[in-house]
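# Structural features, examined
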Amino acid sequence: VKFVSHFVPQVQCCLESTQAVPAARLPYRVKLSAGKHYAWCACGHSKKQPFCDGTHTKKAPSISPFRFTPEKDRTVLLCACKQTKNAPYCDGSHLKVIYQDVVKYLKGIFK
């Protein structure tokens with residue numbers, strides 16, 4: 001008798017974030033249109049970065065998108081690291097995130 005088991009246990013984990021996660025390490029260069037309504041992803045989980053696709057409702061319900069309407073057409077840098085203090089615009093906070101990545105990497109090498 002040959003016994004073949006095709007049962008593979010699967011564990012699905014969907015922890016809710018209470019802090020934003022970086023979507024990228026560098027800001028997004030985006031052309032904005034005057035009078036158009038935008039929703040910038042503040043949680044980092046959206047698949048349509050830098051804009052919200054509603055993913056926060058399941059992955060980070062405590063983090064809402066930042067809604068804004070530009071007064072004039074312009075090209076801007078929108079934050080991708082989600083650490084800016086000037087949402088939705090980049091304020092250079094990604095440099096701190098990149099630095100933290102480097103430190104973490106170096107600590108891993110020297111363990």
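First, a word on what this report is: a plain description of the structure on this page. The structure displayed is predicted, hence computed values, not measured ones. (Residues numbered from 1 in each chain as written. Predicted model: local features only at pLDDT ≥ 70, side-chain atom pairs only at ≥ 80, totals over all residues. Heavy atoms only, no water.)

### What about the side chain of Gln49?
Tracing the backbone shows Gln49 in the loop between strand 2 (38-40) and helix 1 (56-59). In terms of polar contacts, Gln49 uses its side chain to reach the backbone carbonyl oxygen of Ser46, at 3.2 Å. Within polar-contact distance, the side chain of Gln49 engages the side chain of Lys82 at 2.9 Å. (Helix = DSSP H or I, 4+ residues; strand = E, 2+ residues; numbered from the N terminus. Polar contact = N/O pair within 3.5 Å; in protein donor to acceptor, adjacent residues only side chain to side chain.)

### A look at the nonpolar core
Among the nonpolar cores identified, the biggest contains 15 residues, and Leu32, Trp40, Cys43, Ile63, Phe68 and Leu78 are the most heavily contacted of them. Within the residue set of this core, elements represented by two or more residues are strand 1 (28-32), strand 2 and strand 4 (74-78). Apart from the residues within four sequence positions on either side, Trp40 is in contact with Pro50, Phe51, Cys52, Pro65, Phe66, Phe68, Leu78, Cys79, Lys82, Thr84, Ala87 and Pro88. (Core = buried A, V, L, I, M, F, W, Y, C linked by side-chain atoms within 4.5 Å. Buried < 20%, exposed > 50% of the residue type's maximum accessible area, 1.4 Å probe, protein only. Contact = heavy atoms within 4.5 Å.)

### Thoughts on unusual backbone geometry
Here the bond from Gln49 into Pro50 is cis, since omega is 5°, no more than 30 degrees from zero. Structurally, Pro50 can be placed in the loop between strand 2 and helix 1. Of note, the amide linkage connecting Ala87 to Pro88 takes the cis form, showing an omega dihedral of 5°. Along the chain, Pro88 falls in the loop between strand 4 and helix 2 (94-109). Residues other than glycine seldom take positive phi values, yet Lys82 does so here, at roughly 65°.

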